[in-house]
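Observations on chain architecture
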Amino acid sequence: MLNRFVKMKSALLALCILLAITCCGCGEPKTEKVIPDACPDLGLLVTQADVTDTLDPYARPIVTGNIFPSSAKAIYLVFSLSDDMCCKTLNVRWFRDSQLDPIQIEDNLHAQFPIKLTLQTPSGGFIPGEYHVNIYIDFWERLSLTFVISE
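Residues numbered from 1 in each chain as written. Predicted model: local features only at pLDDT ≥ 70, side-chain atom pairs only at ≥ 80, totals over all residues. Heavy atoms only, no water.

Concerning the sheet that holds strand 3 (residues 74-81)
Pairing is antiparallel in the open sheet, where three strands are placed in the order 1-3-6. Each edge of the open sheet is held by one strand with a lone partner, namely strand 1 (46-52) and strand 6 (115-120). Recorded for the sheet is a direction-independent mean angle of 15° between the axes of neighbouring strands. Pairing analysis gives six bridges linking strand 3 to strand 6, with the strands arranged antiparallel. Bridge pairing links isoleucine 75 to leucine 119 in strand 6. (Pairing = 2+ DSSP bridges. Helix = DSSP H or I, 4+ residues; strand = E, 2+ residues; numbered from the N terminus. Axes fitted to C-alpha atoms, helices over the stretch in contact; angles between N-to-C directions.)

Side note on the side chain of threonine 52
Here threonine 52 lies in strand 1. Take threonine 52: its relative accessible area is 0%, and that puts it in the buried class. From its side chain, threonine 52 meets the backbone oxygen of threonine 54 in a polar contact 3.0 Å long. A distance of 2.3 Å separates the side chain of threonine 52 from the backbone oxygen of valine 63, its partner in a polar contact. Those residues in contact with threonine 52 that sit more than four places away from it in its chain are Pro61, Ile62, Val63, Thr64, Phe68, Ala74, Ile75 and Tyr76. (Buried < 20%, exposed > 50% of the residue type's maximum accessible area, 1.4 Å probe, protein only. Polar contact = N/O pair within 3.5 Å; in protein donor to acceptor, adjacent residues only side chain to side chain. Contact = heavy atoms within 4.5 Å.)

Comments concerning the side chain of threonine 118
Structurally, threonine 118 can be placed in strand 6. In contact with threonine 118, not counting residues within four places along its chain, are Ala74, Ile75, Tyr76, Trp94, Gln104 and Glu106.

Section: unusual backbone geometry
Its identity as a non-glycine residue notwithstanding, aspartate 97 has a phi of 50°, on the positive side. With respect to the helices and strands, the residue aspartate 97 is situated in the loop between strand 4 (90-96) and strand 5 (104-106). Of note in the backbone geometry, aspartate 138 takes a positive phi value of approximately 55° without being a glycine. Mapping aspartate 138 onto the fold places it in the loop between strand 7 (129-137) and strand 8 (140-150).

Side note on the sheet that holds strand 4
One open sheet accounts for five strands, arranged 2-8-7-4-5; its pairing is mixed. Edge strands, defined here as strands with exactly one partner in the open sheet, are strand 2 (67-69) and strand 5. Neighbour-to-neighbour, the strand axes of this sheet turn through a mean angle of 20°, independent of strand direction.

Observations concerning the nonpolar core
Residues Ile75, Leu77, Phe79, Val92, Trp94 and Phe147 are the most contacted members of the largest nonpolar core, which totals 26 residues. Those residues in contact with leucine 77 that lie beyond four places of it in its chain are Asp50, Val51, Val92, Trp94, Ile115, Lys116, Leu117, Val133, Ile135 and Leu145. (Core = buried A, V, L, I, M, F, W, Y, C linked by side-chain atoms within 4.5 Å.)

Focus on the packing of aromatic side chains
Counted according to the given criterion, the structure contains four aromatic pairs. Ring centres 6.0 Å apart and planes at 65° place the aromatic pair phenylalanine 68 and phenylalanine 147 in the edge-to-face group. Taken together, the positions of phenylalanine 68 in strand 2 and phenylalanine 147 in strand 8 put the pair 79 residues apart, joining distant regions of the chain. The same class applies to phenylalanine 68 as to phenylalanine 147, namely buried. (Phe/Tyr/Trp six-rings, centres within 6.5 Å; stacked < 30°, edge-to-face > 60°.)

Next comes the structure, spelled out in structure tokens:
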């Protein structure tokens, strides 16, 4: 009789557990996803930037400086950021002399860093003068480099 009572009690306990699992479920509790208010890119900086007319096979500057011949095949900007970007926009503008309008625009860059950008030689070669390239993160200028194209 005692054996029968223990079996009934065990069966009743198993039935209660089964009902609890069926009604409440056994999955993970529902959690709400929290989207952070602040962008983690707020402290993003340009940590290294070089202008060159020669690169090695790994797109690293061989000779850096700020004076290049008008016969250069291209001018390269190679730079790195302090961290990966996730919610900011990277833009680069190339200018000649003190012109207000850029001679080349590179918008919404999303690439592995360090990044290499190229200012191609116009037909007839570069026009001698002072050039500068600006790096913007969103609307804020983070770096401006000046270089000269000589005769």
